[in-house]
Amino acid sequence: MSSKSEPKDVHQLNGTGPAASLCSSDGPGREPLAETSEFLGPDGAGVDVVVIESRANAKGVREEDALLENGSQSNESDDISTDRGPAPPSPLKETSFSIGLQVLFPFLLAGFGTVAAGMVLDIVQHWDVFQKVTEVFILVPALLGLKGNLEMTLASRLSTAANIGHMDTPTELWRMITGNMALIQVQATVVGFLASIAAVIFGWIPDGHFSIPHAFLLCASSVATAFIASLVLGMIMIGVIIGSRKIGINPDNVATPIAASLGDLITLALLSGISWGLYLELDDWQYIYPLVCAFFVALLPVWVVLARRSPATREVLYSGWEPVIIAMAISSVGGLILDKTVSDPNFAGMAVFTPVINGVGGNLVAVQASRISTFLHMNGMPGENSEQAPRRCPSPCTTFFSPDVNSRSARVLFLLVVPGHLVFLYTISCMQGGHTTLTLIFIVFYMTAALLQVLILLYIADWMVHWMWGRGLDPDNFSIPYLTALGDLLGTGLLALSFHVLWLIGDRDTDVGD
(Lines give C-alpha, C1' and ligand atoms only; values in the text may rest on other atoms or scores of the structure.)
Protein backbone atom coordinates (compact mmCIF):
# COMPACT_ATOMS: atom_id res chain seq x y z
CA MET A 1 0.00 0.00 0.00
CA SER A 2 1.43 3.36 -0.94
CA SER A 3 1.67 6.07 1.62
CA LYS A 4 1.90 9.67 0.51
CA SER A 5 3.72 11.72 3.11
CA GLU A 6 5.07 15.17 2.55
CA PRO A 7 8.88 15.57 2.97
CA LYS A 8 9.55 17.05 6.36
CA ASP A 9 12.14 19.59 7.44
CA VAL A 10 15.15 18.13 9.16
CA HIS A 11 15.25 18.93 12.86
CA GLN A 12 18.68 19.45 14.36
CA LEU A 13 19.24 19.72 18.06
CA ASN A 14 22.40 21.80 18.03
CA GLY A 15 22.72 22.80 14.40
CA THR A 16 26.09 21.04 13.99
CA GLY A 17 24.94 17.86 12.31
CA PRO A 18 24.64 17.42 8.60
CA ALA A 19 21.37 17.63 6.75
CA ALA A 20 19.01 14.76 7.36
CA SER A 21 18.64 12.05 4.78
CA LEU A 22 15.52 10.09 4.10
CA CYS A 23 15.44 6.36 4.72
CA SER A 24 15.19 4.22 1.65
CA SER A 25 11.87 2.81 0.69
CA ASP A 26 11.07 -0.89 0.79
CA GLY A 27 10.22 -1.20 -2.82
CA PRO A 28 9.32 0.65 -5.99
CA GLY A 29 6.66 3.28 -5.58
CA ARG A 30 7.04 3.31 -1.78
CA GLU A 31 7.57 6.63 -0.07
CA PRO A 32 9.92 6.75 2.91
CA LEU A 33 8.17 6.54 6.27
CA ALA A 34 11.05 7.63 8.48
CA GLU A 35 13.80 10.20 8.43
CA THR A 36 17.29 9.98 9.90
CA SER A 37 19.28 12.82 11.40
CA GLU A 38 22.89 12.65 12.57
CA PHE A 39 23.72 14.56 15.73
CA LEU A 40 26.80 14.82 17.88
CA GLY A 41 26.72 12.83 21.09
CA PRO A 42 28.47 13.82 24.32
CA ASP A 43 31.75 12.19 23.21
CA GLY A 44 31.66 13.81 19.79
CA ALA A 45 30.60 10.64 18.00
CA GLY A 46 27.83 10.80 15.53
CA VAL A 47 24.51 9.46 16.67
CA ASP A 48 21.80 8.52 14.18
CA VAL A 49 18.36 9.46 15.31
CA VAL A 50 15.43 7.92 13.50
CA VAL A 51 12.29 10.00 13.64
CA ILE A 52 9.17 7.98 12.88
CA GLU A 53 6.07 9.85 11.82
CA SER A 54 3.44 9.77 14.51
CA ARG A 55 -0.25 9.30 14.11
CA ALA A 56 -2.12 11.81 16.21
CA ASN A 57 -5.53 10.68 17.29
CA ALA A 58 -8.16 13.30 16.72
CA LYS A 59 -10.35 11.60 19.30
CA GLY A 60 -8.13 13.05 22.01
CA VAL A 61 -9.68 16.42 21.37
CA ARG A 62 -12.16 17.51 24.00
CA GLU A 63 -15.94 17.24 23.32
CA GLU A 64 -16.54 20.91 22.75
CA ASP A 65 -13.48 21.28 20.53
CA ALA A 66 -14.85 18.63 18.19
CA LEU A 67 -17.83 20.85 17.46
CA LEU A 68 -16.40 24.33 18.04
CA GLU A 69 -12.99 24.26 16.40
CA ASN A 70 -13.37 24.28 12.64
CA GLY A 71 -10.68 22.23 11.04
CA SER A 72 -8.87 21.41 14.27
CA GLN A 73 -8.68 17.71 13.56
CA SER A 74 -6.99 18.14 10.20
CA ASN A 75 -4.42 20.51 11.68
CA GLU A 76 -3.58 18.38 14.69
CA SER A 77 -3.24 15.07 12.86
CA ASP A 78 -0.41 13.78 10.65
CA ASP A 79 -2.10 10.51 9.72
CA ILE A 80 -0.18 8.90 6.86
CA SER A 81 -2.57 6.02 6.24
CA THR A 82 -4.73 6.04 3.18
CA ASP A 83 -7.04 3.29 4.42
CA ARG A 84 -9.51 5.84 5.68
CA GLY A 85 -11.37 8.08 3.29
CA PRO A 86 -11.15 11.85 3.20
CA ALA A 87 -11.88 13.54 6.49
CA PRO A 88 -15.51 14.67 6.81
CA PRO A 89 -16.19 18.39 6.73
CA SER A 90 -15.73 20.03 10.09
CA PRO A 91 -18.82 21.56 11.71
CA LEU A 92 -19.25 25.26 11.96
CA LYS A 93 -18.03 27.05 15.06
CA GLU A 94 -21.03 27.53 17.34
CA THR A 95 -21.50 29.74 20.38
CA SER A 96 -24.61 30.11 22.55
CA PHE A 97 -25.58 33.15 20.51
CA SER A 98 -25.12 31.41 17.17
CA ILE A 99 -27.07 28.36 18.36
CA GLY A 100 -29.92 30.54 19.61
CA LEU A 101 -29.93 32.63 16.44
CA GLN A 102 -30.09 29.59 14.17
CA VAL A 103 -32.76 27.85 16.27
CA LEU A 104 -34.93 30.92 16.96
CA PHE A 105 -36.53 31.41 13.55
CA PRO A 106 -37.30 27.71 12.89
CA PHE A 107 -38.54 27.43 16.49
CA LEU A 108 -40.97 30.32 16.06
CA LEU A 109 -42.03 29.01 12.66
CA ALA A 110 -42.67 25.59 14.16
CA GLY A 111 -44.53 27.17 17.06
CA PHE A 112 -46.83 29.10 14.78
CA GLY A 113 -47.42 25.86 12.91
CA THR A 114 -48.57 24.22 16.14
CA VAL A 115 -50.74 27.26 16.91
CA ALA A 116 -52.37 26.87 13.50
CA ALA A 117 -52.86 23.16 14.18
CA GLY A 118 -54.44 24.01 17.55
CA MET A 119 -56.82 26.46 15.91
CA VAL A 120 -57.78 23.81 13.35
CA LEU A 121 -58.43 21.25 16.09
CA ASP A 122 -60.44 23.83 18.02
CA ILE A 123 -62.71 24.18 14.98
CA VAL A 124 -62.99 20.58 13.79
CA GLN A 125 -63.70 19.19 17.27
CA HIS A 126 -67.32 20.25 16.70
CA TRP A 127 -67.64 18.43 13.35
CA ASP A 128 -69.97 15.45 13.20
CA VAL A 129 -67.18 12.96 12.56
CA PHE A 130 -65.41 14.05 15.77
CA GLN A 131 -68.66 14.07 17.73
CA LYS A 132 -69.98 10.71 16.48
CA VAL A 133 -66.65 8.86 16.09
CA THR A 134 -64.81 10.20 19.13
CA GLU A 135 -61.95 7.75 18.64
CA VAL A 136 -60.65 10.17 16.01
CA PHE A 137 -59.35 12.27 18.92
CA ILE A 138 -57.16 9.33 19.94
CA LEU A 139 -55.63 9.38 16.47
CA VAL A 140 -54.65 13.05 16.77
CA PRO A 141 -51.53 12.74 19.01
CA ALA A 142 -50.52 9.46 17.38
CA LEU A 143 -50.60 10.89 13.85
CA LEU A 144 -49.20 14.27 14.87
CA GLY A 145 -46.46 12.25 16.54
CA LEU A 146 -45.53 10.87 13.13
CA LYS A 147 -43.36 13.95 12.71
CA GLY A 148 -41.36 12.59 15.65
CA ASN A 149 -41.55 8.97 14.55
CA LEU A 150 -40.76 9.58 10.89
CA GLU A 151 -40.09 13.13 9.71
CA MET A 152 -37.89 14.21 12.62
CA THR A 153 -36.05 10.90 12.50
CA LEU A 154 -35.58 11.42 8.76
CA ALA A 155 -34.36 14.97 9.37
CA SER A 156 -31.93 13.77 12.03
CA ARG A 157 -30.56 10.99 9.80
CA LEU A 158 -30.08 13.31 6.84
CA SER A 159 -28.61 16.09 9.01
CA THR A 160 -26.03 13.70 10.40
CA ALA A 161 -25.26 12.36 6.91
CA ALA A 162 -24.83 15.90 5.58
CA ASN A 163 -22.58 16.95 8.47
CA ILE A 164 -20.24 13.96 8.14
CA GLY A 165 -19.99 14.23 4.34
CA HIS A 166 -22.23 11.39 3.19
CA MET A 167 -24.32 13.58 0.88
CA ASP A 168 -21.57 15.46 -0.94
CA THR A 169 -21.72 13.64 -4.29
CA PRO A 170 -24.81 13.38 -6.53
CA THR A 171 -24.72 9.57 -6.34
CA GLU A 172 -24.69 9.52 -2.54
CA LEU A 173 -27.36 12.23 -2.41
CA TRP A 174 -29.73 10.37 -4.73
CA ARG A 175 -29.22 7.09 -2.87
CA MET A 176 -29.99 8.76 0.47
CA ILE A 177 -33.11 10.47 -0.89
CA THR A 178 -34.70 7.45 -2.56
CA GLY A 179 -33.90 5.07 0.27
CA ASN A 180 -35.17 7.36 3.01
CA MET A 181 -38.33 8.39 1.17
CA ALA A 182 -39.24 4.75 0.53
CA LEU A 183 -38.47 3.89 4.15
CA ILE A 184 -40.79 6.51 5.63
CA GLN A 185 -43.61 5.40 3.32
CA VAL A 186 -43.28 1.86 4.68
CA GLN A 187 -43.20 3.14 8.24
CA ALA A 188 -46.08 5.59 7.69
CA THR A 189 -48.38 2.91 6.28
CA VAL A 190 -47.64 0.43 9.07
CA VAL A 191 -47.79 3.02 11.87
CA GLY A 192 -51.00 4.51 10.50
CA PHE A 193 -52.61 1.08 10.47
CA LEU A 194 -51.43 0.27 14.00
CA ALA A 195 -52.55 3.69 15.27
CA SER A 196 -56.07 3.00 14.06
CA ILE A 197 -56.07 -0.36 15.87
CA ALA A 198 -54.87 1.36 19.06
CA ALA A 199 -57.62 3.98 18.69
CA VAL A 200 -60.27 1.29 18.32
CA ILE A 201 -58.99 -0.61 21.37
CA PHE A 202 -58.63 2.49 23.57
CA GLY A 203 -62.10 3.63 22.50
CA TRP A 204 -63.64 0.25 23.15
CA ILE A 205 -62.16 -0.45 26.60
CA PRO A 206 -63.86 2.40 28.54
CA ASP A 207 -67.25 2.20 26.81
CA GLY A 208 -67.44 -1.47 25.86
CA HIS A 209 -68.86 -0.47 22.45
CA PHE A 210 -67.38 -1.61 19.14
CA SER A 211 -68.51 -0.57 15.66
CA ILE A 212 -67.06 -2.28 12.59
CA PRO A 213 -67.87 0.62 10.18
CA HIS A 214 -66.22 3.05 12.60
CA ALA A 215 -63.18 0.79 12.83
CA PHE A 216 -62.79 0.73 9.03
CA LEU A 217 -63.32 4.50 8.93
CA LEU A 218 -60.53 5.01 11.46
CA CYS A 219 -58.22 2.64 9.58
CA ALA A 220 -58.77 4.27 6.19
CA SER A 221 -58.44 7.80 7.59
CA SER A 222 -55.30 6.98 9.55
CA VAL A 223 -53.43 5.13 6.78
CA ALA A 224 -54.27 7.72 4.11
CA THR A 225 -53.32 10.62 6.37
CA ALA A 226 -50.03 9.05 7.43
CA PHE A 227 -49.02 8.18 3.87
CA ILE A 228 -49.80 11.55 2.26
CA ALA A 229 -48.42 13.63 5.15
CA SER A 230 -45.15 11.68 5.21
CA LEU A 231 -44.72 12.01 1.45
CA VAL A 232 -45.19 15.78 1.49
CA LEU A 233 -43.13 16.42 4.62
CA GLY A 234 -40.34 14.09 3.51
CA MET A 235 -39.82 16.08 0.31
CA ILE A 236 -39.82 19.33 2.27
CA MET A 237 -37.22 17.96 4.69
CA ILE A 238 -34.86 16.93 1.92
CA GLY A 239 -35.01 20.41 0.40
CA VAL A 240 -34.42 22.09 3.77
CA ILE A 241 -31.37 19.98 4.63
CA ILE A 242 -29.74 20.37 1.23
CA GLY A 243 -30.39 24.11 1.22
CA SER A 244 -29.18 24.72 4.78
CA ARG A 245 -25.96 22.84 4.11
CA LYS A 246 -25.28 24.88 0.99
CA ILE A 247 -25.67 28.23 2.79
CA GLY A 248 -23.56 27.19 5.77
CA ILE A 249 -26.26 26.58 8.41
CA ASN A 250 -26.11 23.51 10.64
CA PRO A 251 -29.05 21.33 9.49
CA ASP A 252 -29.44 19.97 13.04
CA ASN A 253 -30.62 23.41 14.17
CA VAL A 254 -33.26 24.00 11.52
CA ALA A 255 -34.41 20.70 9.99
CA THR A 256 -36.40 19.23 12.86
CA PRO A 257 -38.24 22.47 13.81
CA ILE A 258 -39.23 23.09 10.20
CA ALA A 259 -40.42 19.49 9.95
CA ALA A 260 -42.70 20.25 12.86
CA SER A 261 -43.79 23.69 11.64
CA LEU A 262 -45.79 22.22 8.77
CA GLY A 263 -46.10 18.70 10.15
CA ASP A 264 -48.81 19.31 12.72
CA LEU A 265 -50.87 21.57 10.48
CA ILE A 266 -50.67 19.37 7.37
CA THR A 267 -51.32 16.16 9.29
CA LEU A 268 -54.29 17.51 11.25
CA ALA A 269 -55.82 19.14 8.18
CA LEU A 270 -55.47 15.88 6.24
CA LEU A 271 -56.92 13.80 9.08
CA SER A 272 -59.89 16.14 9.47
CA GLY A 273 -60.61 16.37 5.75
CA ILE A 274 -60.17 12.67 4.97
CA SER A 275 -62.16 11.45 7.98
CA TRP A 276 -64.94 13.96 7.25
CA GLY A 277 -65.12 12.93 3.58
CA LEU A 278 -65.22 9.24 4.46
CA TYR A 279 -67.80 9.85 7.19
CA LEU A 280 -70.16 11.34 4.62
CA GLU A 281 -70.14 7.96 2.84
CA LEU A 282 -70.71 5.98 6.04
CA ASP A 283 -74.25 4.96 5.14
CA ASP A 284 -74.06 4.48 1.36
CA TRP A 285 -70.49 3.54 0.38
CA GLN A 286 -69.00 1.65 3.30
CA TYR A 287 -67.03 -0.66 1.01
CA ILE A 288 -64.77 2.32 0.16
CA TYR A 289 -63.08 2.04 3.57
CA PRO A 290 -61.46 -1.40 3.06
CA LEU A 291 -60.57 -0.45 -0.52
CA VAL A 292 -58.63 2.59 0.69
CA CYS A 293 -56.77 0.46 3.23
CA ALA A 294 -56.02 -2.24 0.63
CA PHE A 295 -54.66 0.30 -1.86
CA PHE A 296 -52.01 1.68 0.50
CA VAL A 297 -51.11 -1.77 1.81
CA ALA A 298 -50.64 -3.01 -1.78
CA LEU A 299 -47.95 -0.33 -2.30
CA LEU A 300 -45.85 -1.65 0.59
CA PRO A 301 -43.77 -4.15 -1.48
CA VAL A 302 -42.69 -1.34 -3.83
CA TRP A 303 -41.41 0.82 -0.97
CA VAL A 304 -39.72 -2.15 0.70
CA VAL A 305 -37.75 -2.95 -2.47
CA LEU A 306 -36.61 0.67 -2.85
CA ALA A 307 -35.64 0.97 0.81
CA ARG A 308 -33.57 -2.24 0.68
CA ARG A 309 -31.40 -0.87 -2.12
CA SER A 310 -29.81 1.74 0.14
CA PRO A 311 -27.38 0.48 2.81
CA ALA A 312 -28.24 3.48 4.98
CA THR A 313 -31.91 2.49 5.21
CA ARG A 314 -31.70 -1.30 4.92
CA GLU A 315 -30.79 -1.71 8.58
CA VAL A 316 -33.54 0.67 9.71
CA LEU A 317 -36.05 -1.22 7.59
CA TYR A 318 -35.38 -4.38 9.60
CA SER A 319 -34.50 -3.06 13.05
CA GLY A 320 -36.15 0.36 13.34
CA TRP A 321 -39.69 -0.74 14.15
CA GLU A 322 -39.51 -1.03 17.91
CA PRO A 323 -39.16 2.70 18.70
CA VAL A 324 -41.73 3.71 16.09
CA ILE A 325 -44.40 1.31 17.35
CA ILE A 326 -43.75 1.94 21.05
CA ALA A 327 -43.77 5.69 20.45
CA MET A 328 -47.11 5.39 18.66
CA ALA A 329 -48.54 3.51 21.66
CA ILE A 330 -47.25 6.17 24.07
CA SER A 331 -48.77 8.96 21.97
CA SER A 332 -52.06 7.07 21.83
CA VAL A 333 -52.24 7.17 25.62
CA GLY A 334 -51.97 10.93 25.35
CA GLY A 335 -54.75 10.78 22.76
CA LEU A 336 -56.93 8.89 25.23
CA ILE A 337 -56.42 11.72 27.76
CA LEU A 338 -57.36 14.24 25.07
CA ASP A 339 -60.44 12.23 24.10
CA LYS A 340 -61.71 12.22 27.70
CA THR A 341 -61.03 15.91 28.39
CA VAL A 342 -61.78 17.77 25.17
CA SER A 343 -65.55 17.33 25.49
CA ASP A 344 -65.61 18.34 29.18
CA PRO A 345 -66.62 22.01 29.70
CA ASN A 346 -64.24 22.16 32.66
CA PHE A 347 -61.36 21.56 30.22
CA ALA A 348 -62.38 24.13 27.62
CA GLY A 349 -59.30 25.18 25.68
CA MET A 350 -57.54 21.82 25.81
CA ALA A 351 -58.05 21.34 22.07
CA VAL A 352 -56.22 24.50 21.06
CA PHE A 353 -53.41 24.35 23.62
CA THR A 354 -52.55 20.64 23.37
CA PRO A 355 -50.83 20.75 19.92
CA VAL A 356 -48.89 23.84 21.02
CA ILE A 357 -47.40 22.49 24.24
CA ASN A 358 -46.78 19.06 22.72
CA GLY A 359 -45.26 20.50 19.56
CA VAL A 360 -42.93 22.96 21.29
CA GLY A 361 -41.58 20.31 23.68
CA GLY A 362 -41.09 17.79 20.89
CA ASN A 363 -39.37 20.31 18.63
CA LEU A 364 -36.85 21.42 21.26
CA VAL A 365 -35.91 17.93 22.42
CA ALA A 366 -35.59 16.73 18.81
CA VAL A 367 -33.07 19.49 18.10
CA GLN A 368 -31.04 18.50 21.17
CA ALA A 369 -31.13 14.78 20.38
CA SER A 370 -30.08 15.43 16.78
CA ARG A 371 -27.15 17.61 17.90
CA ILE A 372 -25.87 15.06 20.43
CA SER A 373 -26.17 12.28 17.86
CA THR A 374 -24.22 14.30 15.28
CA PHE A 375 -21.44 14.92 17.81
CA LEU A 376 -21.19 11.22 18.63
CA HIS A 377 -21.09 10.26 14.95
CA MET A 378 -18.12 12.60 14.49
CA ASN A 379 -16.16 10.48 16.97
CA GLY A 380 -16.89 7.08 15.45
CA MET A 381 -19.63 4.54 15.06
CA PRO A 382 -22.30 3.48 17.60
CA GLY A 383 -20.80 1.39 20.37
CA GLU A 384 -17.18 2.32 19.60
CA ASN A 385 -16.55 5.15 22.05
CA SER A 386 -17.55 3.80 25.41
CA GLU A 387 -16.12 6.85 27.13
CA GLN A 388 -18.71 8.99 25.34
CA ALA A 389 -21.59 6.78 26.50
CA PRO A 390 -21.89 6.73 30.30
CA ARG A 391 -23.54 3.64 31.75
CA ARG A 392 -25.48 5.56 34.41
CA CYS A 393 -27.81 8.55 34.37
CA PRO A 394 -26.03 11.89 34.13
CA SER A 395 -26.32 14.50 36.83
CA PRO A 396 -28.74 17.36 36.04
CA CYS A 397 -25.80 19.71 36.64
CA THR A 398 -23.83 17.87 33.95
CA THR A 399 -26.74 18.10 31.53
CA PHE A 400 -27.45 21.79 31.97
CA PHE A 401 -24.41 23.47 33.54
CA SER A 402 -21.27 21.82 32.16
CA PRO A 403 -19.08 23.82 29.72
CA ASP A 404 -19.44 21.43 26.74
CA VAL A 405 -21.38 22.39 23.65
CA ASN A 406 -24.29 19.98 24.25
CA SER A 407 -24.92 21.47 27.69
CA ARG A 408 -24.73 24.92 26.17
CA SER A 409 -27.37 24.06 23.57
CA ALA A 410 -29.59 22.54 26.31
CA ARG A 411 -29.50 25.86 28.19
CA VAL A 412 -30.30 27.80 25.03
CA LEU A 413 -33.24 25.54 24.16
CA PHE A 414 -34.62 25.68 27.71
CA LEU A 415 -34.45 29.49 27.75
CA LEU A 416 -36.57 29.60 24.58
CA VAL A 417 -39.57 28.00 26.32
CA VAL A 418 -41.03 30.98 28.19
CA PRO A 419 -40.66 33.70 25.51
CA GLY A 420 -41.80 31.28 22.83
CA HIS A 421 -44.94 30.21 24.67
CA LEU A 422 -45.77 33.82 25.55
CA VAL A 423 -45.73 34.66 21.85
CA PHE A 424 -47.88 31.65 21.02
CA LEU A 425 -50.39 32.34 23.83
CA TYR A 426 -50.69 35.95 22.71
CA THR A 427 -51.31 34.79 19.13
CA ILE A 428 -54.04 32.38 20.28
CA SER A 429 -55.63 35.14 22.38
CA CYS A 430 -55.62 37.57 19.45
CA MET A 431 -57.27 34.94 17.24
CA GLN A 432 -59.84 34.28 20.00
CA GLY A 433 -59.06 30.59 20.06
CA GLY A 434 -59.73 28.13 22.82
CA HIS A 435 -63.00 29.60 24.14
CA THR A 436 -61.08 30.70 27.22
CA THR A 437 -59.71 33.84 28.84
CA LEU A 438 -55.97 34.03 29.48
CA THR A 439 -55.61 35.11 33.10
CA LEU A 440 -52.34 35.60 34.94
CA ILE A 441 -52.77 32.46 37.05
CA PHE A 442 -53.58 30.42 33.94
CA ILE A 443 -50.38 31.66 32.26
CA VAL A 444 -48.37 30.77 35.39
CA PHE A 445 -49.75 27.23 35.51
CA TYR A 446 -49.34 26.81 31.76
CA MET A 447 -45.72 28.00 31.83
CA THR A 448 -44.96 25.74 34.79
CA ALA A 449 -46.27 22.74 32.86
CA ALA A 450 -44.31 23.74 29.73
CA LEU A 451 -41.03 24.31 31.60
CA LEU A 452 -41.35 21.06 33.52
CA GLN A 453 -42.08 19.17 30.30
CA VAL A 454 -39.01 20.53 28.46
CA LEU A 455 -36.75 20.17 31.50
CA ILE A 456 -37.62 16.48 31.81
CA LEU A 457 -37.30 15.89 28.07
CA LEU A 458 -33.86 17.51 27.75
CA TYR A 459 -32.54 15.50 30.70
CA ILE A 460 -33.95 12.24 29.31
CA ALA A 461 -32.48 13.07 25.89
CA ASP A 462 -28.98 13.51 27.36
CA TRP A 463 -29.19 10.11 29.00
CA MET A 464 -31.06 8.24 26.27
CA VAL A 465 -28.89 9.27 23.31
CA HIS A 466 -25.64 8.34 25.08
CA TRP A 467 -27.15 5.12 26.44
CA MET A 468 -28.32 4.01 23.01
CA TRP A 469 -24.95 4.90 21.53
CA GLY A 470 -23.19 2.74 24.12
CA ARG A 471 -25.44 -0.19 23.21
CA GLY A 472 -24.55 0.14 19.52
CA LEU A 473 -27.88 1.71 18.48
CA ASP A 474 -27.98 4.72 16.18
CA PRO A 475 -29.72 7.52 18.14
CA ASP A 476 -30.91 9.13 14.92
CA ASN A 477 -33.21 6.17 14.37
CA PHE A 478 -34.14 5.20 17.93
CA SER A 479 -34.14 8.20 20.29
CA ILE A 480 -36.33 10.86 18.69
CA PRO A 481 -39.51 8.70 18.41
CA TYR A 482 -39.36 7.92 22.13
CA LEU A 483 -38.60 11.52 23.07
CA THR A 484 -41.36 13.14 21.01
CA ALA A 485 -43.87 10.53 22.19
CA LEU A 486 -42.91 11.25 25.79
CA GLY A 487 -43.32 14.93 24.96
CA ASP A 488 -46.89 14.26 23.78
CA LEU A 489 -47.72 12.27 26.89
CA LEU A 490 -46.09 14.73 29.31
CA GLY A 491 -47.56 17.75 27.56
CA THR A 492 -51.11 16.41 27.45
CA GLY A 493 -50.94 15.05 31.00
CA LEU A 494 -49.43 18.17 32.57
CA LEU A 495 -51.80 20.44 30.65
CA ALA A 496 -54.84 18.40 31.75
CA LEU A 497 -53.56 18.54 35.34
CA SER A 498 -53.16 22.31 35.11
CA PHE A 499 -56.69 22.73 33.77
CA HIS A 500 -58.03 20.50 36.53
CA VAL A 501 -56.26 22.51 39.27
CA LEU A 502 -57.46 25.77 37.73
CA TRP A 503 -61.02 24.42 37.70
CA LEU A 504 -60.71 23.44 41.37
CA ILE A 505 -59.61 26.93 42.37
CA GLY A 506 -62.29 28.49 40.16
CA ASP A 507 -60.07 30.29 37.66
CA ARG A 508 -61.59 28.93 34.46
CA ASP A 509 -63.50 31.70 32.75
CA THR A 510 -64.85 29.94 29.69
CA ASP A 511 -67.30 30.64 26.95
CA VAL A 512 -67.89 27.30 25.32
CA GLY A 513 -69.67 27.32 22.03
CA ASP A 514 -69.59 25.97 18.52
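Look a little higher up for the structure.
Residues numbered from 1 in each chain as written. Predicted model: local features only at pLDDT ≥ 70, side-chain atom pairs only at ≥ 80, totals over all residues. Heavy atoms only, no water.

**Considerations on the packing of helix α7 (residues 170-207) against helix α12 (residues 311-319)**
Basically, it comes down to this: As a rule, the C-alpha atoms of each element are fitted with a line to give its axis, helices using only the stretch in contact, and angles between N-to-C directions run from 0 to 180 degrees. Secondary structure follows DSSP: runs of H or I at least 4 residues long count as helices, runs of E at least 2 residues long count as strands, and numbering of each begins at the N terminus. Geometric relationships in this document are graded by angle, where less than 35 degrees denotes roughly parallel, more than 145 denotes roughly antiparallel, 65 to 115 denotes roughly perpendicular, and other angles denote oblique. Left-handed is the label given to a crossing in which the near helix is rotated counterclockwise from the far helix by less than a right angle, and right-handed is the label when the rotation is clockwise. Residue contacts are counted whenever heavy atoms from the two residues lie within 4.5 Å of one another. Side-chain classes are defined by residue name, with Ala, Val, Leu, Ile, Met, Phe, Trp, Tyr, Cys and Pro counting as nonpolar, Asp, Glu, Lys and Arg as charged, and the others, Gly among them, as polar.
Contact geometry for α7 and α12: axes closest at 8 Å, N-to-C directions at 15 degrees. Compared by their axis directions, α7 and α12 come out roughly parallel. In terms of crossing hand, the pair formed by α7 and α12 is right-handed. Between α7 and α12, the contacting residues are R175, M176, G179, N180, L183, V186 and Q187 on the first element and P311, A312, T313, V316 and L317 on the second. Its residues assigned to classes, the contact of α7 with α12 shows seven nonpolar, four polar and one charged.

**Observations regarding helix α17 (residues 417-430)**
Helical periodicity: at 3.6 residues per turn, an α-helix aligns residues three or four positions apart in one direction. What counts here: Multiplying 1.5 Å by the helix residue count minus one yields the expected span of that helix. For the exposure calls, accessible area comes from a 1.4 Å probe over protein chains only, and a residue counts as buried if that area is under 20% of its type's maximum, exposed if over 50%, partly exposed in between. The directions considered for the arc are those from the helix axis to the C-beta atoms.
Along its 14 residues, α17 runs 20 Å from first to last C-alpha, staying within 8% of the 20 Å computed at 1.5 Å per residue. Those residues of α17 not exposed but buried are V417, G420, H421, F424, L425, T427 and I428. Angular distribution of buried residues about the axis of α17 spans 160 degrees; they occupy a single face of the element. Turning to α17, the residues buried within the fold contact α3 (96-124), α14 (350-377), α16 (405-415) and α18 (440-470). Looking one or two places after α17, you find Q432, whose phi comes out positive at around 55 degrees.

**A closer look at the packing of aromatic side chains**
This is how it is decided: A pair of Phe, Tyr and Trp rings is counted when the ring centres sit within 6.5 Å of each other, with Trp represented by its six-membered ring. The angle between the planes then sorts it: under 30 degrees is stacked, over 60 is edge-to-face, the rest tilted.
A full pass over the atoms with the stated rule returns 14 aromatic pairs. Plain terms: the ring middles of F107 and F424 are 5.9 Å apart, the flat faces sit at 55 degrees to each other, and that makes the pair tilted. Residue F107 is found in helix α3, and its partner F424 is found in helix α17; the two are separated by 317 residues along the sequence. The same class applies to F107 and to F424, which are both buried. Classification of F424 as buried rests on a relative accessible area of 0%. Among the aromatic residues, ring-to-ring pairing joins F227, F295, F296 and W303 into one connected group.

**Observations regarding the environment of T313**
Tracing the chain through its elements places T313 in helix α12. For the pair T313 and G179, spaced 134 residues apart in sequence, the C-alpha separation works out to 5.9 Å. Once you skip the residues sitting within four places of it in the chain, T313 turns out to touch G179, N180, L183 and A307.

**Some points on the packing of helix α5 (residues 136-144) against helix α13 (residues 321-341)**
Between α5 and α13, the shortest axis-to-axis distance is 7 Å and the interhelical angle comes to 140 degrees. Between α5 and α13, the angle is such that the two are oblique. Considering only the axes of α5 and α13, their crossing is right-handed. Residue-level contacts link F137, I138, V140, P141 and A142 of α5 to M328, S331, S332, G334, G335, L336, L338 and D339 of α13. Its residues placed into classes, the contact of α5 with α13 shows eight nonpolar, four polar and one charged.

**Let's talk about a nonpolar patch on the surface**
Heads up, the rule is: Two distance rules govern patches: like charges are joined within 9 Å, and nonpolar side chains (Val, Leu, Ile, Met, Phe, Trp, Tyr) within 5 Å, applied only to residues with over 30% relative accessible area and no salt bridge. Accessibility throughout is a Shrake-Rupley quantity obtained with a 1.4 Å probe, and a residue counts as covered only by protein chains that appear here. By definition, a salt bridge exists where a carboxyl oxygen of Asp or Glu is found within 4 Å of a side-chain nitrogen of Lys or Arg.
A grouping of F193, I197, I201, W204, I205, F210, I212 and F216 is seen on the molecular surface, where their side chains present a nonpolar patch of about 770 Å² in accessible area. At the level of elements, α7 and α8 (212-246) are the ones that each hand at least two residues to the nonpolar patch. In this structure I201 comes out as partly exposed when scored by relative accessible area, which is 40%.

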